[in-house]
Amino acid sequence: MKRIFLTILLFLPLVTACTKSEVATPKKVRIFVENLRSGGRNFLVSFSEECGFTPESIPYFLEYATDETLLIAQPSPFSSYMGYVPLGVEVLWYVESIRTGGNPKLGGLVSLFPHISKNGERLDGESAVLVVPELSGYYKAWWKKYGSNPRVAVQIDPLKDTGYSW
């Protein structure tokens, strides 16, 4: 019994050091997005280990959803693909990961790579840039309609019946 108690005490600081219950702030999201822009984000650290990104963080991410700047994508640590993706698509990939809770096997992300498909056709690079305004519009309309209750909002798929999927 002492051993179990000691083990819990030793791991408790690790579990609580970076929890999703921390208050999400525009500053945390801005720093995260700036690291994406600069390529300074270490994608070997999983998204689920980032602090403070909860459904309440979504409106801060949506501020960057229309950005069409092409960046080298920051894939999941389980993916070696390093293609180009518009910042807006990557930001919406994070929003979708927050909304769905992501896949624990993928580090809390919704998929291995931030790519979007339209009717089964994968859109990357320049073809993804063309759909940024439409995609961001779906997510912003979804948040405008349901964002006053983030816990309910995450249960509603902003891309339902649009032909788009992650």
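Nothing here was measured: the structure is a model prediction, and the numbers come from that model.

### Topic: the confidence of the model for the protein
Residues with a pLDDT of 70 or more make up 72% of the protein, whose mean pLDDT is 80. When pLDDT is averaged over each helix and strand of the protein, the minimum, 36, is found for helix α1 (residues 2-16) and the maximum, 98, for helix α6 (residues 132-146).

### Points about the packing of helix α2 (residues 26-38) against helix α4 (residues 87-100)
The N-to-C vectors of α2 and α4 enclose an angle of 135°; their axes lie 11 Å apart at closest approach. Our classification of the angle between α2 and α4 gives oblique. For the element pair α2 and α4, the recorded crossing hand is right-handed. Residues Phe32, Val33, Leu36 and Arg37 of α2 pack against Leu87, Glu90, Val91 and Tyr94 of α4. Here the residues of the contact of α2 with α4 are counted per class, giving six nonpolar, no polar and two charged.

### Describing the nonpolar core
Of all hydrophobic cores here, the largest spans 37 residues; its most connected members are Phe61 and Ile116. At the level of secondary structure, the elements contributing two or more residues to this core comprise α2, α3 (58-62), α4 and α6. Per-element accounting of this core gives the leading share, eight residues, to α4.

### Observations concerning the sheet that holds strand β3 (residues 116-118)
Across the sheet, which stays open at both edges, the three strands sit in the order β4-β3-β5 with antiparallel pairing between neighbours. What marks the edges here is a single partner per strand, and that holds for β4 (121-123) and β5 (164-165). Where β3 and β4 come together, three bridges link them in antiparallel fashion. Note that in β4 the partner of lysine 118 across the bridge is glutamate 121.

### Observations regarding the side chain of glutamate 96
With respect to the helices and strands, the residue glutamate 96 is situated in helix α4. Owing to a relative accessible area of 5%, glutamate 96 belongs among the buried residues under this scheme. Only 2.6 Å separates the side chain of glutamate 96 from the side chain of tyrosine 139, close enough to count as a polar contact. Filtering out sequence-adjacent residues up to four positions away, glutamate 96 remains in contact with Val110, Tyr139, Asp157, Pro158 and Trp166.

Each value, and the rule that gives it
- Residues numbered from 1 in each chain as written.
- Predicted model: local features only at pLDDT ≥ 70, side-chain atom pairs only at ≥ 80, totals over all residues.
- Heavy atoms only, no water.
- pLDDT = per-residue confidence, 0-100.
- Helix = DSSP H or I, 4+ residues; strand = E, 2+ residues; numbered from the N terminus.
- Axes fitted to C-alpha atoms, helices over the stretch in contact; angles between N-to-C directions.
- Parallel < 35°, antiparallel > 145°, perpendicular 65-115°, else oblique.
- Left-handed = near helix turned anticlockwise from the far one by under 90°.
- Contact = heavy atoms within 4.5 Å.
- Nonpolar A, V, L, I, M, F, W, Y, C, P; charged D, E, K, R; others polar.
- Core = buried A, V, L, I, M, F, W, Y, C linked by side-chain atoms within 4.5 Å.
- Buried < 20%, exposed > 50% of the residue type's maximum accessible area, 1.4 Å probe, protein only.
- Pairing = 2+ DSSP bridges.
- Polar contact = N/O pair within 3.5 Å; in protein donor to acceptor, adjacent residues only side chain to side chain.

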